[in-house]
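Descriptive structure summary
What follows is the residue order along each chain.
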Amino acid sequence: MTGQQDEEKKCRLCLQPFVPYPLGTKNDYDLEACKACGSVMANPYPTQELLDNFYGEIQPQVTHLPNRDSEVLRIKKTLLQMLPVTTNKRFLDVAARQGYGVKAAHILGMKAFGIDSHSFYTEFAQSKYPPDMFQNISVQDYAATDPEKYDIVLAELCFNEQPDLEAYTASLASLVKPGGLIYINEVDGNHWNLPRNFDNFPYIDPPISFLFPSKSGMEALLGRYNLRIQKMFFTWKPFMRMFVERIP
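Structural notes, computed from the coordinates. (Residues numbered from 1 in each chain as written. Predicted model: local features only at pLDDT ≥ 70, side-chain atom pairs only at ≥ 80, totals over all residues. Heavy atoms only, no water.)

Strand pairs in the sheet, formed through backbone hydrogen bonds, run parallel or antiparallel to each other. Pairing is mixed in the open sheet, where 7 strands are placed in the order E6-E5-E4-E7-E8-E11-E10. Here the strands that pair on one side only, and so sit at the sheet edges, are strand E6 (134-136) and strand E10 (227-233). The sheet shows a mean angle of 20 degrees between the axes of neighbouring strands, taken without regard to direction. Examined bridge by bridge, strand E7 (residues 150-156) and strand E8 (residues 176-187) share 6 bridges and lie parallel to one another. Each bridged residue has a counterpart across the sheet, and for Ala155 the counterpart in E8 is Ile184. Contacts between helix H8 (residues 215-223) and the sheet are confined to E8, E10 and strand E11 (239-246), with E10 contributing the most and set at about 150 degrees to the helix. (Pairing = 2+ DSSP bridges. Helix = DSSP H or I, 4+ residues; strand = E, 2+ residues; numbered from the N terminus. Axes fitted to C-alpha atoms, helices over the stretch in contact; angles between N-to-C directions. Contact = heavy atoms within 4.5 Å.)

Below, the structure written as structure tokens:
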């Protein structure tokens, strides 16, 4: 199978020459790891047009997660780790989904707002919480409105669905105050505890999720946009969790 990745011949994360290491096939996509940094990506790599058509055809139905209270509590604990004094701080969830991040930040007294590029998530969140706390818009388009910068940005399971990593990361960085923090929680494509059969891992599901960065690949990507990893957490599960600072 040939695709955009083969034509560019550079890893989308570390930008080193892309020498693919095959990790299986899922949904007619080849899963290939970069031998330089260990990041994994689907080939062919989905375009925005393909994603728009895909979601337009399946029309997903959104429901609450069964453990939604635990999700809100988890996010509250994370936010307090990042910023012990939260009152009146500005918070943005860039993949708001069912609204749990925005709810957690609001409970902590933050000026909370959430965006999501998927209309089905935004419509669900607006039906459960004050509608003006959510907007259906991409990170790139929202950054182009030149909003006030945020103290904390929540970015959970976002990078794995980005067709244009550079534009996404540049826009994400522009939304954070100098010295502000981003919380990133992402599948680690080079984690020591990944399942032996990578293509059977439930989070691997192109074209819904199609990019799985390694820690070194993520560090290289972030560094191109004045973002520095402040704290990296040890995780038993194959995820990376980190606090990322916008360099003043």
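Of the positions making up H8, those classed as buried are Gly217, Met218, Leu221 and Leu222. Summarising the axial view, the buried residues of H8 lie within an arc of 130 degrees, below the 170-degree limit, and thus occupy one face. Where H8 is buried, its residues touch helix H7 (165-174), E8, E10 and E11. (Buried < 20%, exposed > 50% of the residue type's maximum accessible area, 1.4 Å probe, protein only. Arc of directions from axis to C-beta.)

What follows concerns helix H4 (residues 100-107). Count 3.6 residues to each turn of an α-helix, and residues three or four apart come out pointing the same way. Of the residues making up H4, those classed as buried are Tyr100, Gly101, Val102, Ala104 and Ala105. Among the structural elements, helix H3 (68-82), strand E4 (90-93), strand E5 (111-116), E6 and E7 are those in contact with the buried residues of H4. Once H4 ends, the next one or two residues include Gly109, with phi positive near 85 degrees.

What follows is about the sheet that holds strand E2 (residues 29-34). Strands sit in the order E1-E2-E3-E9 across an open sheet of 4 strands; the sheet is antiparallel. Two strands bound the open sheet, and with one partner strand each, they are strand E1 (20-26) and strand E9 (211-212).

To continue, consider the state of the cysteines. Tallied over the full model, the rule gives 0 disulfides. No disulfide involves Cys14; its nearest neighbouring cysteine sulfur is the one of Cys11, lying 3.7 Å away. For Cys37, which is in no disulfide, the shortest distance to another cysteine sulfur is to Cys11 and amounts to 3.7 Å. (Disulfide = S-S within 2.5 Å.)

As a further point, take the pairing of E4. Alternating positions in E4 separate into two faces, Arg90 and Leu92 on one and Phe91 and Asp93 on the other, with burial throughout. The sheet contact formed by E4 and E5 spans 4 bridges and is parallel. When the bridges of E5 are listed, Phe91 appears paired with Ala112. In terms of handedness, the path from E4 via H4 over to E5 forms a crossover that is right-handed. Across 3 bridges, the pairing between E4 and E7 is parallel. (Right-handed = clockwise from strand over helix to strand, strands pointing away.)

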